[in-house]
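Overview (structure and organization)
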Amino acid sequence: MTEHVVIVGGGTGGTVLANGLAERLGTELDDGDVRITLINDGPDHVYKPVWLYVPFGQREPEDGRRRLDELVDDDVDLRIDRVTDIDTGAQELQLRGGALSVSYDYLVLATGSTLAAERIPGLTEGGHDYYSEPGASDLREELLAFTEGELVLSVVGTPHMCPAAPLEFVFMADDWFRERGLREDIDITYTYPIQRVHGNPHIAEWAQPIMEERDIRVETFFNAEEIDPDAETITSMEGTELDYDLLVTIPPHAGVDVIEAAGLGDDGWVDVDKHTLEAEAAENVYALGDTADTGVPNAGSVAHYQAGVVGRRLASEIRGRPATATYDGKTLCFIETGMDAASFVEFDYENPPSPAPPSEKLHWSKLAYNESYWLTARGLL
Amino acid sequence: MTDIEPQKTVDARGATCPGPLMDLIGAIRSASSGDVIRLLSDNEQSLTDVPEWAEEADNELLAVEELDDHTEFYVEKA
């Protein structure tokens, strides 16, 4: 009997897993004992970390986009379609483009995050972002035209992709405006929903003094409730109102609807065992990356490491052995602290982060990794 | 035991910081004025996070019940 592994989502987690499984299960694939299908709702793989650099004119959105069929192993069946229903009892998926359902023996959900700006009145009209291709391109034009006034960066909701990126943006903006001789005419304010500048207390403790030193104003306990694009104000649930001339936000995030409809978790995030990454509400279902509600950051490194764990577990299960691989919360992030310096953190469920002193070497390490990312997507690095 | 009847319960047990507080904020965001949200958390940080935020946002922390393996917070939206 052929075991069918279906992976939904061709982002970092899904693509690394598909290629890793094709490598790991080469013999079984050759013998027809296993089949791997990767379903993605578009033909391209998108590497989102590129977007941070687009507003500052350092990268183009297309630098983060490559065709999936050029990245994914030929032994993987790639289907460009959208899953419209998941039936975990019957172990079947419905696809928008196909009349027939797709059966699976093992399902991996790697559908990632979507933006939900419409949840905050005025955000779509008044806010800019670098969490989408069009957002990053539009923000580049705004930044180039911005020579004086109030720049507000507001983290509207968590969890969001790349928890370090809001800090990186204000550090880079500060440096970029200084280099252009404009900083004295521009105020930068950073808002965060809880009582410190980052969700992780160790990173918050590290970042706060840097923000003070760089004259980046901070508003904590600021949960955006409404934006008035005409008056150019943003108001929080806590009753604080800020004026802005340029508003950059991290919009609220959500997972995809089919996950909640399938009873796998709220708001599109799958409830999982945070070590095995198995769904709590269904058999033979895994989730990884942003989709898996583990409490660790929604970051590419997390999806990458989790793909390794799920790949090893699936290979064990397919070979009839107990699955022993587990995820320990490993997360790795470079954090830009300007246009030519960066820090680095590595942590897991047990060991907290300890940010490295910012250096030019770490900045170039980050850029070098971004270039070599395509080897990660191919399952090589 | 309190006899407060919440309009909604948010079970954030198992979530790491700041998950429970953000789950509470999300529930308050979609609640109506006067609604009571009950938050279940087993994260120690919630014992300081939740009262601090409730005060900051002018929502009333009606009760805190420390049970064996988790704490229950009752917050009324202003």
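How each quantity is defined
- Residues numbered from 1 in each chain as written.
- Chains lettered and ligands numbered in written order.
- Predicted model: local features only at pLDDT ≥ 70, side-chain atom pairs only at ≥ 80, totals over all residues.
- Helix = DSSP H or I, 4+ residues; strand = E, 2+ residues; numbered from the N terminus.
- Rg over C-alpha atoms; globule rule 2.2 N^0.38 Å.
- Buried ≥ 20, exposed ≤ 12 C-beta atoms within 10 Å, placed from the backbone.
- Contact = placed C-beta atoms within 7 Å.
- Core = buried A, V, L, I, M, F, W, Y, C linked by C-beta atoms within 7 Å.
- Domains from an automatic or database assignment.
- Pairing = 2+ DSSP bridges.
- Axes fitted to C-alpha atoms, helices over the stretch in contact; angles between N-to-C directions.
- Nonpolar A, V, L, I, M, F, W, Y, C, P; charged D, E, K, R; others polar.
- pLDDT = per-residue confidence, 0-100.
- Expected span 1.5 Å × (residues − 1).
- Arc of directions from axis to C-beta.
- Parallel < 35°, antiparallel > 145°, perpendicular 65-115°, else oblique.
- Left-handed = near helix turned anticlockwise from the far one by under 90°.

**Concerning the overall build of chain A**
- Along the backbone of chain A there are ten helices and 23 strands.
- Its C-alpha radius of gyration of 21 Å places chain A within 12% of the 21 Å reference for a compact globule of 381 residues.
- For chain A, the proportion of its 381 residues judged to be buried stands at 49%.
- Taking all contacts inside chain A whose residues are at least 6 apart in sequence as the whole, residues at least 24 apart take part in 62%.

**Notes on the nonpolar core**
- If you look at the biggest cluster of nonpolar residues, it comprises 130 residues, and the most contacted ones within it are Leu17(A), Val108(A), Leu288(A) and Leu24(B).
- A domain split of this core shows at least three residues from each of domain 1 (3-113 + 255-330) and domain 2 (139-253) of chain A.
- Leaving out residues up to four positions away in the same chain, Leu17(A) has contacts with Ile7(A), Val108(A), Ala110(A), Leu288(A), Ala307(A), Val310(A) and Gly311(A).

**Structural notes on the sheet that holds strand β11 (residues 149-155) of chain A**
All names here are of chain A.
- Taken together, four strands build an open sheet; the order of strands is β13-β12-β11-β17 and the sheet is parallel. One side of each edge strand has no neighbouring strand; the edge strands of this open sheet are β13 (216-219) and β17 (246-250). Direction aside, the axes of adjacent strands within the sheet are offset by 20° on average.
- Relative to strand β12 (residues 186-191), β11 runs parallel, the two being bridged by six bridges. Paired with Leu 153 across the two strands is Tyr 190, which belongs to β12.
- Along the sheet, helix α6 (residues 165-179) makes contact with β11, β12, β13 and β17, crossing β12 at roughly 175°.

**Comments concerning the interface of chain B and chain A**
- Each partner contributes residues to the interface: chain B has 14 residues there, and chain A has eleven residues.
- Secondary structure elements with two or more residues in the side of chain B that touches chain A: α1 (19-30) and α2 (46-56) of chain B.
- A per-element tally of the side of chain B that touches chain A places α1(B) first, with five residues.
- Along the lines of polarity and charge, the residues of the side of chain B that touches chain A split into seven nonpolar, two polar and five charged.

**Remarks on the confidence of the model for chain B**
- When pLDDT is averaged across chain B, the result is 92; 100% of the residues are at 70 or more.
- Overall fold confidence (pTM) sits at 0.96, and the ipTM for the predicted complex is 0.91.

**Some remarks on the sheet that holds strand β14 (residues 224-228) of chain A**
All names here are of chain A.
- Here three strands make up an open sheet; going across it, the order is β14-β15-β16 and the pairing antiparallel. Taken across any chain shown, the strands that pair with only one partner, and hence form the sheet edges, are β14 and β16 (241-243). Across the sheet, the axes of successive neighbouring strands diverge by a mean angle of 20°, strand direction being ignored.
- Pairing geometry for strand β15 (residues 233-236) and β16, over three bridges, is antiparallel. The residue of β16 that forms the bridge with Thr 235 is Glu 241.

**Quick notes on the environment of Asp3(B)**
Residue and element names in this part refer to chain B.
- Topologically, Asp 3 is positioned in the segment before β1 (8-11).
- Judged by local crowding, Asp 3 falls into the exposed class, with 5 C-beta atoms found within 10 Å.
- Along the sequence, Asp 3 and Leu 39 sit 36 residues apart, while their C-alpha atoms lie 15 Å from each other.

**A look at α1(B)**
Residue and element names in this part refer to chain B.
- The end-to-end C-alpha separation of α1 is 17 Å, in line with the 16 Å expected for twelve residues at 1.5 Å each.
- Most of α1 is tucked away, with nine of its twelve residues classed as buried.
- Here α1 has its buried residues at Gly 19, Pro 20, Leu 21, Met 22, Leu 24, Ile 25, Gly 26, Ala 27 and Ile 28.
- Buried-residue contacts for α1 involve β1, β2 (36-41), α2 and β4 (71-76).

**Some thoughts on the pairing of β15(A)**
Residue and element names in this part refer to chain A.
- Because side chains alternate across β15, one face comprises the buried residues Ile 234 and Ser 236, and the other comprises Thr 233 and Thr 235, none of which is buried.
- Bridge count between β14 and β15: four bridges; the pairing is antiparallel. Each bridged residue has a counterpart across the sheet, and for Glu 226 the counterpart in β15 is Thr 235.
- The turn joining β14 and β15, which pair antiparallel and follow one another in sequence, is formed by four residues; a positive phi near 55° is taken by Glu 232.

**Quick look at helix α5 (residues 133-145) of chain A**
Residues and elements named next belong to chain A.
- In this model, α5 (13 residues) spans 19 Å end to end at C-alpha, consistent with the 18 Å of a helix rising 1.5 Å per residue.
- Among all positions in α5, only Gly 135, Ala 136, Leu 139, Arg 140 and Leu 143 are buried. All buried residues of α5 project into a common sector of 140° when viewed along the axis, lining one side. Exposed side of α5, more than 90 degrees from the buried face: Pro 134, Glu 141, Leu 144 and Ala 145 are the residues found there.
- Those residues of α5 that are buried lie in contact with β17.

**What to know about the packing of α1(B) against α2(B)**
Residues and elements named next belong to chain B.
- One way to put it is that α1 packs onto α2 with a least axis distance of 9 Å and a crossing angle of 30°. The angle between α1 and α2 falls in the class roughly parallel. Crossing handedness for the pair α1 and α2: right-handed. Judged by residue contacts, Pro 20, Leu 21 and Leu 24 of α1 engage Ser 46, Asp 49, Val 50 and Trp 53 from α2.
- Partitioned by chemical class, the residues of the contact of α1 with α2 number five nonpolar, one polar and one charged.

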